[in-house]
Amino acid sequence: MAYDISIIRPQVTIDDIKFRNRQLPAKTLKDIKKALLGLHCVEITATNIYRYQISKKDSELNRQLIAAMCNEMGHYQDFQVKLFEYGWRPTILRMGYWLAGFFIGFGSRIMGEKPILKAGIWVETKAVKAYAQLLKDVEWDDDTRKVIEKNAADEDGHIERWQKLLKEIQ
C-alpha cells in the first residue's frame with residue numbers, strides 16, 4: 001500500500017480511538033504488547049536524535065530535521081495511543097531510550113553534518129528492518145497495521161532524504 005510521506009502528522013479523529021480486542025489469545029496479546037512497547041521506545045529514541053541534532057542555523061538540513069522530529073513525535077504518539085487502547089502502559093525503561101537518542105543526536109551534531117546524516121540513515125535503516133519484521137510476525141488488527149505501515153513508509157522517506165542531503169554535501 002502506498003502512503004503519502006509528505007504528510008508529517010496524519011489526522012486522528014475521536015472515532016479513530018477505540019478499545020482494541022483484549023480477548024485475543026494470550027500469545028497474540030503478548031506479541032502485540034512486546035512489539036508496541038518496542039516501537040514506542042524506538043520512536044522516543046528517533047525523536048530525541050532529531051531534537052538534539054537541530055542547531056540554530058537556518059539551513060535545509062535543520063528544516064528537514066525539524067520535519068523528521070515532528071514526524072517521529074507523531075509515531076511516538078501513535079504507539080502510546082495503541083498501548084492505552086489495549087489497556088497497557090509505556091515501560092518505565094523508556095528513559096534509557098530517551099538518553100540513547102540524546103547521546104546519538106547531540107554527539108552527531110557536534111561532529112557535523114555528515115555524522116548527522118549518517119546517524120539518521122543508520123537509525124532509520126534499523127527502524128525499517130524492525131517494522132518489516134513486526135509487520136510479518138505479529139497478528140495486528142487492521143487499524144494498527146495501517147498505522148505501522150504508514151510509519152514504516154515515513155522511515156523509508158527519511159532514509160531517502162538523508163541520503164540525498166549526504167550526496168549534496170560530499
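Our structure is the block above this text.
Residues take numbers from 1 onward in each chain, read along the sequence in its written order. Only residues with pLDDT of at least 70 get local features here, since the model is predicted, and only at 80 or more are side-chain atom pairs given and counted; chain-wide, interface and lining totals rely on the full set of residues. Water and hydrogen atoms were dropped before computing side-chain values, which therefore reflect all heavy atoms in the structure.

### Observations concerning the packing of helix α1 (residues 26-53) against helix α2 (residues 60-85)
- Every axis in this analysis is a line fitted to C-alpha atoms, fitted for helices over the stretch in contact. Angles between the N-to-C directions lie between 0 and 180 degrees. What counts as a helix is a DSSP run of H or I of at least four residues, what counts as a strand is a run of E of at least two, and both are numbered from the N terminus. Two elements in contact, α1 and α2, have axes separated by 8 Å at closest approach and are oriented at 160°. With respect to their mutual orientation, α1 and α2 come out roughly antiparallel. Seen from above, α1 lies across α2 with left-handed handedness. Here L36, L37, L39, H40, E43, I44, A46, T47, Y50, R51 and Q53 of α1 lie close against α2, whose contacting residues are N62, L65, A68, M69, E72, M73, H75, Y76, F79, Q80, K82 and L83. Angular relationships are summarised with four words: roughly parallel below 35 degrees, roughly antiparallel beyond 145, roughly perpendicular across 65 to 115, and oblique for the angles in between. Take the far helix as the reference: if the near one is turned anticlockwise from it by less than a right angle, the crossing is left-handed, and if turned clockwise, right-handed. Two residues qualify as a contact provided that any one of their heavy atoms is within 4.5 Å of a heavy atom in the partner residue.

### Examining α2
- For α2, which comprises 26 residues, the first-to-last C-alpha distance of 37 Å matches the rise-based estimate of 38 Å (1.5 Å per residue) to within 8%.
- Directly beyond the C-terminal end of α2, a positive phi value near 95° is found at G87. The length a helix should cover is 1.5 Å for every residue beyond the first.

### Regarding the nonpolar core
- Counting residues in each nonpolar core, the largest one holds 17 residues, and the members touching the most others are I32, L36, W88, Y131, W140 and I148.
- For this core, the secondary-structure elements that each account for two or more residues are α1, α2, α4 (113-137) and α5 (142-169).
- Per-element accounting of this core gives the leading share, 6 residues, to α1.
- Setting aside chain neighbours within four positions, we find I148 in contact with L39, F79, Y131, L135 and W140.
- Core analysis: the next-biggest nonpolar cluster, separate from the first, contains 14 residues, L61, L65, I121 and L166 among them. In this text, buried Ala, Val, Leu, Ile, Met, Phe, Trp, Tyr and Cys residues form a nonpolar core when linked through side-chain atoms within 4.5 Å. Throughout, exposure labels follow a simple rule: accessible area from a 1.4 Å probe, protein chains only, divided by the maximum for the residue type, with under 20% read as buried, over 50% as exposed, and the rest as partly exposed.

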